[in-house]
Amino acid sequence: MISLTNIEKVYRTSTIETLALNNINLHIGQGEFASIMGPSGCGKSTLLNIIGLLDAPSKGSISVGGQPVTSYSDQEMARLRNQRLGFIFQSFHLINDLSVLDNVEIPLLYRKQISAAQRRQMAQEALERVGLSNRVKHFPKQLSGGQKQRVAIARAIVGRPEIILADEPTGNLDSVMGNEILSILQGLNNDGATIVMVTHDEAMAKKTHRLIRLFDGTMVGDTTLTLC
Amino acid sequence: MIRHLFRLIWNKKKTHALLMVEIWASFLVLFGLASMIVFNVSNYVEPLGFTYERVWAVDFNNNQDTTAIPDKVNTILQRLKAYPEVESVSRMSSNFPFSASTMNNGVDYKKRHVMAHFYTTDAAFAQTLDMPLVAGRWYTKADLGGKYKPVVINRKAQEALFVDENPLGKVFSNFRVVGVIDNFKAKGEFMTNAPAVFEMMDGKNTWDKIYLVKTKPGTDAMFEARLVKEMSTMLVGWNVEVNPLIDSRKNQHNLTLVPVIIFLIVCSFLLINVALGLFGVLNLSIAKRRSEIGLRRAIGATAKNVSWQFVAEIWVLATFSLLFGLLFAVQFPLMHVFDLASGVYIGAIALAVGIIYGLVTLCALFPSRQAATIHPAVALHEE
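For clarity, every value in this text was computed on a predicted model and none was experimentally measured.

> Please explain the overall build of chain A as it appears in this structure.
Each helix and strand counted, chain A has seven helices and ten strands in total. When its C-alpha atoms are laid out on the principal axes, chain A stretches across 45 × 40 × 35 Å. Here chain A holds 228 residues, and 47% of them are scored as buried. Considering only contacts in chain A between residues 6 or more positions apart, those separated by 24 or more positions represent 68%.

> I tried to follow the overall build of chain B on my own but got confused; where do I start?
Assigned secondary structure in chain B consists of twelve helices and eleven strands. Rg of the C-alpha trace for chain B: 31 Å, well past the compact-globule value of 21 Å for 383 residues, more than 25% over. Reported as C-alpha extents along the three principal axes, the dimensions of chain B are approximately 100 × 50 × 35 Å. Burial statistics for chain B: of 383 residues in total, 37% are counted as buried. The long-range fraction of contacts in chain B, counting pairs at least 24 apart against all pairs at least 6 apart in sequence, stands at 84%.

> Help me understand the environment of F125(B), please; the structure alone is not making it clear to me.
All names here are of chain B. Relative to the helices and strands, F125 resides in helix α4 (residues 125-128). Since 24 C-beta atoms lie within 10 Å of it, F125 is described here as buried. C-alpha separation for the pair F125 and M200, spaced 75 residues apart in sequence, amounts to 9.9 Å. Leaving out residues up to four positions away in the same chain, F125 has contacts with S90, M92 and F198.

> Explain helix α1 (residues 44-51) of chain A here, please?
Since the α-helix turns once every 3.6 residues, residues separated by three or four places project in the same direction. Residue and element names in this part refer to chain A. Burial runs high along α1: eight of the eight residues are buried. Restricting attention to buried positions, one finds in α1 the residues K44, S45, T46, L47, L48, N49, I50 and I51. L53 lies just past α1 and shows a positive phi near 60 degrees.

> Can you walk me through the UniProt feature "domain: MacB-like periplasmic core" (unreviewed entry) in chain B in this structure?
Residues given the UniProt feature "domain: MacB-like periplasmic core" (unreviewed entry) here are residues 52-221 of chain B. As a span, residues 52-221 of chain B carries 16% helix and 35% strand, and end to end its C-alpha atoms are 16 Å apart.

> What am I meant to see in the sheet that holds strand β4 (residues 59-64) of chain A here?
Within a sheet, adjacent strands bond to each other through the backbone by hydrogen bonds, running parallel or antiparallel. All names here are of chain A. The strand order across the open sheet formed by four strands is β2-β1-β4-β5, and the pairing between neighbours is antiparallel. Pairing within the sheet leaves two strands with one partner each, and these edge strands are β2 (17-28) and β5 (67-68). Of the strand pairs in this sheet, β4 and β5 are connected by two bridges, and their pairing is antiparallel. Within the sheet, the bridge partner assigned to V64 lies in β5 and is Q67. Against the sheet, α1 engages β1 (2-12), β2 and β4, with an angle of about 125 degrees to β1.

> What should I look at first to understand the confidence of the model for chain B in this one?
Keep in mind that low pLDDT regions are not for reading the predicted coordinates in detail. Averaged over chain B, the pLDDT score is 90; the fraction of residues at 70 or greater is 99%. Across the predicted assembly, pTM comes out at 0.77 and ipTM at 0.89.

> Can you help me understand the sheet that holds strand β7 (residues 163-167) of chain A in this one?
Residues and elements named next belong to chain A. Pairing in this open sheet of six strands is mixed, and the strands run β6-β7-β8-β3-β9-β10 from one edge to the other. Of all strands in the sheet, those with a lone pairing partner are β6 (85-89) and β10 (218-224), marking the two edges. Going from strand to strand, the sheet's axes swing by 15 degrees on average, the running direction of each strand aside. Alignment of β6 against β7, held across five bridges, turns out to be parallel. In the sheet register, G86 faces β7, and the bridge partner there is I164. Of the strands in this sheet, β3 (33-37), β7, β8 (194-198) and β9 (210-215) are in contact with α1, which crosses β8 at around 155 degrees.

> Teacher, can you tell me more about the interface of chain A and chain B here?
For interface size, the figure often reported is the accessible area lost on association. The partner chain B presents 22 residues to the 23 residues of chain A that form the contact. Of all the secondary-structure elements, those providing two or more residues to the side of chain A that touches chain B are α1, α2 (74-84), β6 and α3 (100-109) of chain A. When its residues are assigned to classes, the side of chain A that touches chain B shows eleven nonpolar, seven polar and five charged.

> Is there a simple way to think about unusual backbone geometry in this case?
In terms of backbone geometry, most residues other than glycine have negative phi values and most peptide bonds are trans. The phi dihedral of R160(A) is positive, around 50 degrees, even though this residue is not glycine. For R160(A), the position within the fold is in the loop between α5 (145-157) and β7. A positive phi angle, close to 60 degrees, is found at F338(B), a residue other than glycine. Classification of F338(B) by C-beta neighbours within 10 Å gives exposed; the count is 10.

> I'm lost on the UniProt feature "transmembrane region" (unreviewed entry) in chain B in this one. Help?
Residues and elements named next belong to chain B. In this structure's numbering, the residues bearing the UniProt feature "transmembrane region" (unreviewed entry) are residues 21-41, 257-285, 306-332 and 344-366. The distance separating the terminal C-alpha atoms of residues 21-41 is 29 Å; by composition the span is 100% helix and 0% strand. Summarising residues 257-285: 100% helix, 0% strand, and an end-to-end C-alpha distance of 40 Å.

> Help me out: how do you make sense of the nonpolar core in this one?
Side chains of a nonpolar character, in soluble globular proteins, are inclined to be buried together. Core analysis: the largest hydrophobic core is formed by 114 residues, its most contacted members being A154(A), I164(A) and I356(B). Examining the composition of this core, we find that 13 residues originate from one element, helix α11 (residues 342-372) of chain B, more than from any other. Dropping the residues within four chain positions of it, I356(B) is found in contact with I23(B), S26(B), F27(B), L30(B), A318(B) and L322(B). Grouped together as the second largest cluster of nonpolar side chains are 49 residues, A116(B), F175(B), V180(B) and M191(B) included.

> What am I meant to see in the packing of helix α1 (residues 2-11) of chain B against helix α9 (residues 303-329) of chain B here?
If you want to describe how two helices pack, look at the angle between their axes and the distance between the axes. Residues and elements named next belong to chain B. Between α1 and α9, whose axes approach to 9 Å, the crossing angle comes to 65 degrees. As α1 packs across α9, the resulting crossing turns out to be right-handed. Across the interface between the two elements, L5, F6 and I9 from α1 touch A312, E313, V316, L317 and F320 from α9. For the contact of α1 with α9, a count of residues per class yields seven nonpolar, no polar and one charged.

> Explain the pairing of β8(A) to me, please; I cannot follow it from the model alone.
A regular strand places its side chains so that they alternate between the two faces of the sheet. Residues and elements named next belong to chain A. Judged by how many residues are buried, β8 sits mostly within the fold: five of five residues are covered. Of the two faces of β8, the one carrying T194, V196 and V198 and the one carrying I195 and M197 are both buried. As paired elements, β3 and β8 share four bridges and run parallel to each other. Each residue of the ladder has a partner; that of I36, found in β8, is V198.

> Where do I start with the confidence of the model for chain A in this structure?
Looking at chain A, pLDDT values average 89 and 99% of them are 70 or higher. Element-level pLDDT for chain A is lowest in helix α6 (residues 175-190) of chain A, with a mean of 87, against a maximum mean of 94 in α3(A).

> What should I look at first to understand the environment of V196(A) in this one?
All names here are of chain A. By secondary structure assignment, the location of V196 is in strand β8. With 26 C-beta atoms packed within 10 Å, V196 lands in the buried category. Along the backbone, V196 and A166 are 30 residues apart, and their C-alpha atoms lie at a distance of 6.2 Å. Contacts of V196, omitting those with residues within four sequence positions, involve I28, A34, I36, L48, I51 and L165.

So, how was this worked out
- Residues numbered from 1 in each chain as written.
- Chains lettered and ligands numbered in written order.
- Predicted model: local features only at pLDDT ≥ 70, side-chain atom pairs only at ≥ 80, totals over all residues.
- Helix = DSSP H or I, 4+ residues; strand = E, 2+ residues; numbered from the N terminus.
- Buried ≥ 20, exposed ≤ 12 C-beta atoms within 10 Å, placed from the backbone.
- Contact = placed C-beta atoms within 7 Å.
- Rg over C-alpha atoms; globule rule 2.2 N^0.38 Å.
- UniProt positions renumbered as here; feature names shortened; annotations may be inferred.
- Pairing = 2+ DSSP bridges.
- Axes fitted to C-alpha atoms, helices over the stretch in contact; angles between N-to-C directions.
- pLDDT = per-residue confidence, 0-100.
- Nonpolar A, V, L, I, M, F, W, Y, C, P; charged D, E, K, R; others polar.
- Core = buried A, V, L, I, M, F, W, Y, C linked by C-beta atoms within 7 Å.
- Left-handed = near helix turned anticlockwise from the far one by under 90°.

Here it is in structure tokens:
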């Protein structure tokens, strides 16, 4: 599904060069639920950004669905992100001035072929999926952290992407809320979505199918987990 | 996307209230200025209706001399005509072309009441100012014998008084129409082409002592000096003043243009202030919304989409402000404020709306391009 070959990411300033990722080779197969773990600053988010085509590697190549995408134009990358990828962030990134329904609709605004009525319907379905169909007219400020993250999940899945990339989705939540969010992600995975999740939480990571460990920008472990 | 932006801006209306007031106020000031400009430009493009290039207005003032004025007035006319440098001479009332004087009167025809400019002139007026007639003829001395005073009217007066009727030979307010001219804008190009009536000066009139002298091509200031000297010698105790119409026209233009230019300068400063304010607010807004920009890029917006979103947002904001502004502006044509044609206000509204959209676009372009360069991974990581 997604293949990273010899990925290297170097951040350069006028005085310093930082090697954030070093020789990463990774293949995420269809339907996998993989988690990426490692200490702060080890390159987890950088790796997720590269997988999500939000950042370009300094070296190496990426392919999605067998298609090399490294040389894609901004427009092609945007289309790919819009149609095949869904993002969930630790700090939700909801737009406070838009209602829950309007927030969920945003990815569909960049698909010209979808009408306003279709957008509404798809957004409502996505909100139903995360159990928030009774909060459509609320604004993010009126929601709890767990509800906000569920809105963010609805926004990530509204366009029915094949791959969901979650950057510490439970990081800002208590354990109960965190487990709720993880259950939703597991449900999505059971329905066929490929999920890559960055987490600090060993317990959360162990509930996924595969655990990738990073240390100082290098992949130091890749374990297939057996769920109890 | 437009509906989405309208919703986004509407939900942020409290945050944007001052900005909207600023755009609204700018629109109203611009509307005022644009009304002046459209009014003057639409007047300017209307033909003047006469030529003035070689015409002098020679003003004779008899001061304390009250003896034999009718004879002297006649002698002046004959003497002026006798100069080889003079092509034609016409005597008229003090409201000669480009003068500061105005005479208005109401006239009636079949229950139609029209306010018209009145000019008292003689038989040589049309020839002196090279005014073509569109119907009938200019009056002659032979017309004075009738029961009604002969008049020539302009086309505006014809339309207002007679509508579709042929005005020739018709009588209104004790005047009989003998001819119709096209335009006559005595105060210059910026004057509205209003109804005008040219009344024939009779033999009893001794108080109008303005002579319009049309000189032959190549006549210079030497002749002007000689004319003043000879006339002053001939008419002891009288004052003689020569005003080339070309100079009077410049003065009239200044009377119109100076207030417009002052208003334009004040308005330009206001617009510069508004533009700088808008620019600053947009820059700040983009800095505050980096996370949103990152998110939009992550979920499918191209750099171009982001750039256009900020331009479109400011258009939406301007549209809200303009809708409120239009509520005021449309009252002007609806209520005929200042008695200007509706077209002037509609043109001014269109111009002001165009300038506001142009201005906000200009102010949004640079910040929106900056927004487009924001790297999504960096913007999302900052949160």
